[in-house]
Amino acid sequence: AKTNYHAGGVLGHNAIDLATVLENSGEIIVSEEAQAAGSLYAGGVIGNTAKAVAVADGKDYAAKNSGTLSFAGIAPSYYAGGVFGYNKVNLPATVLENTGAVTISAVGSAEVAIASLYAGGVLGYTAAAITPAEGKDYAAKNSGVVEFGGTATDYHAGGVLGYNAVAQTTVLENAGNVSFT
């Protein structure tokens, strides 16, 4: 098994600051054949971001996903989001939007027990603050469905954020259903 997997509709892993528009409308599938000793990161746009993604001048959003994310790999930890699976850094001047479905089935194997599942319509897990771009009244918005289930020990799922590790002082909007199956 690999140590970690990073899957995204545009980037698997982001290691540089971006001021751009990233958009995905395709399907992202992480099958049960993806087995990792560490973590599985999947996002409609970016699986794992270690650097900021901001709105480019004159644009309405920084990252947008309308594709579906189907996630069923095997690993101790899952991070899945309609836009980003995992965010490590402050996201200043950003707008993240998801309209695609996020479906996670976290089922372990005889070799791998699943400890944690983080699933969000926009971000599966964020370890940093999200701030909206100038002129925007929200930083993250979801209208896609979030469905999750399986055999994890801990589940963290939300319409916008699956797990938030810091204080947020912005508007996060959700219009999508969230369900445990």
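One can find the structure itself at the top, above this paragraph.
Described below are features of the structure shown in this document.

Let's talk about the overall build of the protein
Check the secondary structure of the protein and you find 0 helices and 24 strands. The C-alpha extent of the protein, read off along each of the three principal axes, is 50 × 30 × 30 Å. Counting the 181 residues in the protein, one finds 48% classified as buried. For the protein, restricting intrachain contacts to residue pairs at least 6 apart in sequence, the fraction spanning at least 24 positions comes to 82%. Carbon and sulfur atoms make up 48% of the accessible area of the protein, which totals about 7600 Å². For the protein, the centre of its 7 positive side-chain charges and the centre of its 14 negative side-chain charges are spaced 7 Å apart.

A look at unusual backbone geometry
Even without glycine at this site, A93 takes up a positive phi of about 55 degrees. What makes A93 partly exposed here is its relative accessible area of 33%.

A look at the nonpolar core
One finds F84 and L96 to be the most contacted residues of the largest nonpolar core, which totals 23 residues. When sequence neighbours within four positions are dropped, the list of residues in contact with F84 reads A42, G43, I46, G47, T49, V53, A63, L91, L96, V122, L123 and G124. Ranked by size, the runner-up nonpolar core spans 20 residues in total, among them I28, Y78, A80 and A106.

Here we look at the sheet that holds strand β11 (residues 77–81)
Strand pairs in the sheet, formed through backbone hydrogen bonds, run parallel or antiparallel to each other. Strand order in the open sheet formed by 5 strands is β1-β6-β11-β16-β21, with parallel pairing between adjacent strands. A strand with exactly one partner marks an edge of an open sheet, and here the two such strands are β1 (2–8) and β21 (154–158). Across the sheet, the mean angle from the axis of one strand to that of its neighbour is 5 degrees, orientation sign disregarded. As defined by bridge partners, β1 adjoins strand β6 (residues 36–43) across 6 bridges and the pair is classed as parallel. Bridge assignment links G8 to a residue of β6, and that residue is G43.

Some points on the packing of aromatic side chains
For the structure shown, the criterion picks out 13 aromatic pairs. A ring pair is formed by Y125 and Y163, whose centres lie 5.0 Å apart and whose planes are at 10 degrees; its orientation type is stacked. One end of the pair, Y125, is in strand β17 (residues 123–126); the other, Y163, is in strand β22 (residues 161–164), with 38 residues separating them in the sequence. A residue is classified by how much of its surface remains accessible, and Y125, at 15% relative accessible area, is buried. Since its relative accessible area comes to 32%, Y163 is described here as partly exposed.

Rules used in this analysis
Residues numbered from 1 in each chain as written. Predicted model: local features only at pLDDT ≥ 70, side-chain atom pairs only at ≥ 80, totals over all residues. Heavy atoms only, no water. Helix = DSSP H or I, 4+ residues; strand = E, 2+ residues; numbered from the N terminus. Buried < 20%, exposed > 50% of the residue type's maximum accessible area, 1.4 Å probe, protein only. Contact = heavy atoms within 4.5 Å. Areas by Shrake-Rupley, 256 points an atom, 1.4 Å probe, with all protein chains shown as cover. Lys, Arg positive; Asp, Glu negative; His and termini not counted. Charge placed at Lys NZ, Arg CZ, Asp CG, Glu CD. Core = buried A, V, L, I, M, F, W, Y, C linked by side-chain atoms within 4.5 Å. Pairing = 2+ DSSP bridges. Axes fitted to C-alpha atoms, helices over the stretch in contact; angles between N-to-C directions. Phe/Tyr/Trp six-rings, centres within 6.5 Å; stacked < 30°, edge-to-face > 60°.

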